[in-house]
Amino acid sequence: MAERKVLLAGVDAVQLLGFNDANLQIIEDRFGATITVRGDLLTVRGSENDTRKIEKVFKELIYILNKNGNLAPNDVDTVIDLVTVNGSSPETTGEVATEDSDYAILYTKVGIIKPRTPGQKNYVQQIRRNDIVFGIGPAGTGKTYLAVAMAVAALKNRDVTKVVLARPAVEAGENLGFLPGDLQDKVDPYLRPLYDALDDMLSAEKMKSYMEKRIIEIVPLAYMRGRTLHNAFVILDEAQNATAMQMKMFLTRLGAHSRAVVTGDVTQIDLPSSTVSGLVQIQEILKSIQGVGFAYFDRNDVVRHRLVKDIIDAYDRFKAGSNGGTKSAEPASLPRTPK
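With that out of the way, let us pick up the packing of aromatic side chains. Per the stated rule, a full pass over the model turns up 3 aromatic pairs. When the ring of Tyr-123 is compared with that of Phe-297, the centres are 5.0 Å apart and the planes differ by 75°; the resulting orientation is edge-to-face. In this pair, Tyr-123 sits in helix H5 (residues 118-129) while Phe-297 sits in the loop between strand E11 (292-296) and helix H11 (306-322), placing the two residues 174 residues apart along the sequence. Per residue, the accessibility class of Tyr-123 equals that of Phe-297, and both read buried. A centroid spacing of 5.0 Å and a plane angle of 15° characterise the contact between Phe-134 and Phe-294, whose relative ring orientation is stacked. Of this pair, Phe-134 sits in strand E6 (residues 132-136) while Phe-294 sits in strand E11, and the two are 160 residues apart along the sequence. Like Phe-134, the residue Phe-294 is buried in the burial classification. Ring-pair connections join several aromatic residues into one group, and the members of that group are Phe-134, Phe-294 and Tyr-296.

Right under this line is the structure:
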C-alpha cells in the first residue's frame, strides 16, 4: 500500500472535486484507490502505480482548471485516459508534474506562485505554522506578494471568509498635497501595490465581486481602529511606517480563527525621526511569544531586477562610509532570528 499527497492550496476545490465529489468518485473508480481530502491536503492510498498516476491526474486537472477557469464535463475522463496511456497530458507536457508542490501557494492563469529562495520558503513555512508572522527585509524580496498569495489561497480554500489588506498612509519623502475625488480616490495611491498583487492572482470579475461584497478589503491602517476581525486573513504592509501605537492597535484587531502577516523594511522608515517605528519595537516585544513567527530576508532573497541587489549593496556601502567607516546600524544582511 502506497500513499501520496497533493497540496490543493489556492485551488477551487469544489470545481476540482466536482459537485458532491463527482470527479473524485470517477478517479477512485477508475483506479480502485482511496482518496481523502482534509483541508487543502489530498491523500491518495493504493498501489504504487495507481497512486503515482492519480497524483499526476490531479496535477493535470489543477493546471487545466486554473488555465481555463473551469473543468469541462469530459476533462476528467480525458486526462485519466491520457495519463494511463501516455503518462502525461498534452495540456501540460509535464510542466505541473515537475513543480515543487510542497511549496506551491496559488495556482493562477499565469502560472504557479511559490517561493523561489530559501528565505521565501522559510517565510511561507512560518505563515503556515503561526497565527502572526512578521516578514522583515529589503525591497524586492517578495514579502508583500507572497503574503497576498497566501491570503488569496486561504480564501479559496475556505480557511478564512475575509481578507483585509492594510497600509499606513505615509508619503515616501514627498508631499502629494490635496488629491481630488472622494475618500477612496484619496487613499488609493497609497494602496496601489496591494491592488497590483491581487491583479496577478484574481480575474477582474472575481476581484470586482470580492471587493463589492467586502470579502476583500484594502484600507488605510487608520481605518482598522475599533474593528474585530473573525475568520480573516489580515496583512499589514509597509509596517515600518506604523507607529508603536498603530502596531499595537493592528495586532489587537484579530478575532477568532484569524491570522495576520506584517511586512516591512526597517531601512526605509518614512516616519519623523522622533517617532519610533512599531516594526522595530515589536521585534523585542514579541520575540518569545508562542504562535508569533519572524522571517528575515536579505539581498539573496531579492527577486526583482538583478540591479536591485546591487542598489541595496551600494546604499549599505555608502551608509557605512558616511558613518566614518564603522559598521552601519542597519546591516545589509538582517539576522534570521530576532535579537
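A word on the nonpolar core. Judged by nonpolar contacts, the single largest core of 36 residues is most densely connected at Tyr-123, Val-148, Leu-198, Ile-218 and Phe-233. The set of elements that each furnish at least two residues to this core consists of H5, helix H6 (143-156), strand E7 (162-167), helix H7 (183-201), helix H8 (204-212), strand E8 (216-220) and strand E9 (232-236). With 10 residues, the single largest contributor to this core is H6. Those residues in contact with Tyr-123 that sit more than four places away from it in its chain are Val-133, Gly-135, Gly-142, Lys-143, Leu-146, Ala-147, Val-261, Thr-263, Ala-295 and Phe-297.

Our focus in this paragraph is helix H10 (residues 278-285). Side chains of residues three or four places apart in an α-helix project in the same direction, reflecting 3.6 residues per turn. The set of residues buried in H10 consists of Gly-278, Leu-279, Ile-282 and Gln-283. End-on view of H10: buried residues confined to an arc of 140°, all on one side of the axis. Taken together, the buried residues of H10 touch E6, helix H9 (244-251), strand E10 (259-264) and E11. You can read the cap of H10 off the contacts: a side-chain oxygen lies 3.3 Å from the backbone nitrogen of Leu-279, and it is on Ser-277.

Another aspect to go through is the sheet that holds E10. Strands belonging to one sheet form pairs held by backbone hydrogen bonds; the direction of such a pair is parallel or antiparallel. Taking strand neighbours across the sheet as the criterion, the 6 strands line up as E8-E7-E9-E10-E6-E11 in an open arrangement whose pairing is parallel. Each having just a single partner strand, E8 and E11 make up the two edges of the open sheet. Taken pair by pair, the neighbouring strands of this sheet meet at an average axis angle of 15°, ignoring direction. With 5 bridges connecting them, E6 and E10 associate as parallel partners. Looking at E10, one finds that Gly-135 is bridged to Thr-263. Running over the sheet, H5 touches E6, E9, E10 and E11 and is turned about 170° from E11. Along the sheet, H10 contacts E6, E10 and E11; its crossing angle with E6, the most-contacted strand, is approximately 125°.

Moving on: a nonpolar patch on the surface. A cluster of nonpolar side chains, Leu-307, Ile-311 and Tyr-315, forms an exposed patch at the surface whose accessible area comes to about 330 Å². For Leu-307, the position within the fold is in helix H11. On the basis of relative accessible area, Leu-307 is assigned to the partly exposed category, the value being 38%.

For H5, spanning 12 residues, the distance from its first C-alpha to its last is 16 Å, which sits close to the expected 16 Å at 1.5 Å a residue. Gly-119, Gln-120, Tyr-123, Val-124, Gln-126 and Ile-127 are the residues of H5 that are buried. Down the axis of H5, the buried side of the element spans an arc of 160°, and every buried residue falls inside it. H5 presents Pro-118 and Arg-129 as exposed residues on the side facing more than 90 degrees away from its buried surface. Buried residues along H5 sit against E6, H6, E9, E10 and E11.

If you trace the backbone, Val-234 turns up in strand E9. Remark: the alpha-carbon pair of Val-234 and Ala-147, spanning 87 residues in sequence, is separated by 9.4 Å. Beyond its immediate sequence surroundings of up to four residues, Val-234 is in contact with Val-164, Met-224, Leu-229, Phe-250, Leu-254, Arg-259, Ala-260 and Val-261.

Within the structure shown, the criterion is met by 13 salt bridges. Of the charged contacts in the structure, one is a salt bridge between Glu-238 and Arg-167, with a shortest N-O distance of 3.1 Å. Taken as a pair, Glu-238 in the loop between E9 and H9 and Arg-167 in strand E7 lie far apart in primary sequence, 71 residues in all. A salt bridge links Glu-217 to Arg-227, with the shortest nitrogen-to-oxygen separation between them at 2.9 Å. Taken together, the residues Glu-217 in strand E8 and Arg-227 in the loop between E8 and E9 connect sequence positions 10 residues apart. Classification of Arg-227 as partly exposed rests on a relative accessible area of 21%. Each of Arg-4, Glu-48, Glu-55 and Lys-59 takes part in one network of salt bridges that share partners.

So, about the confidence of the model for the protein. Predicted coordinates in areas of low pLDDT are best not read in detail. Model confidence for the protein is summarised by a mean pLDDT of 81, while 81% of its residues fall at 70 or above. Per-element confidence in the protein is highest for E6, whose mean pLDDT is 97, and lowest for H7, whose mean pLDDT is 73. Contacts from residues 89-100, a stretch scored under 50 in pLDDT, to residues over four places away or in other chains number 17 contacts. Long-range and interchain partners of residues 326-334, a stretch whose pLDDT sits below 50, account for 16 contacts in this model, where long-range means more than four residues apart.

What counts and how
- Residues numbered from 1 in each chain as written.
- Predicted model: local features only at pLDDT ≥ 70, side-chain atom pairs only at ≥ 80, totals over all residues.
- Heavy atoms only, no water.
- Phe/Tyr/Trp six-rings, centres within 6.5 Å; stacked < 30°, edge-to-face > 60°.
- Helix = DSSP H or I, 4+ residues; strand = E, 2+ residues; numbered from the N terminus.
- Buried < 20%, exposed > 50% of the residue type's maximum accessible area, 1.4 Å probe, protein only.
- Core = buried A, V, L, I, M, F, W, Y, C linked by side-chain atoms within 4.5 Å.
- Contact = heavy atoms within 4.5 Å.
- Arc of directions from axis to C-beta.
- Polar contact = N/O pair within 3.5 Å; in protein donor to acceptor, adjacent residues only side chain to side chain.
- Pairing = 2+ DSSP bridges.
- Axes fitted to C-alpha atoms, helices over the stretch in contact; angles between N-to-C directions.
- Patch = residues over 30% accessible without salt bridge, like charges linked within 9 Å, V, L, I, M, F, W, Y side chains within 5 Å.
- Areas by Shrake-Rupley, 256 points an atom, 1.4 Å probe, with all protein chains shown as cover.
- Salt bridge = Lys/Arg side-chain N within 4 Å of Asp/Glu carboxyl O.
- Expected span 1.5 Å × (residues − 1).
- pLDDT = per-residue confidence, 0-100.

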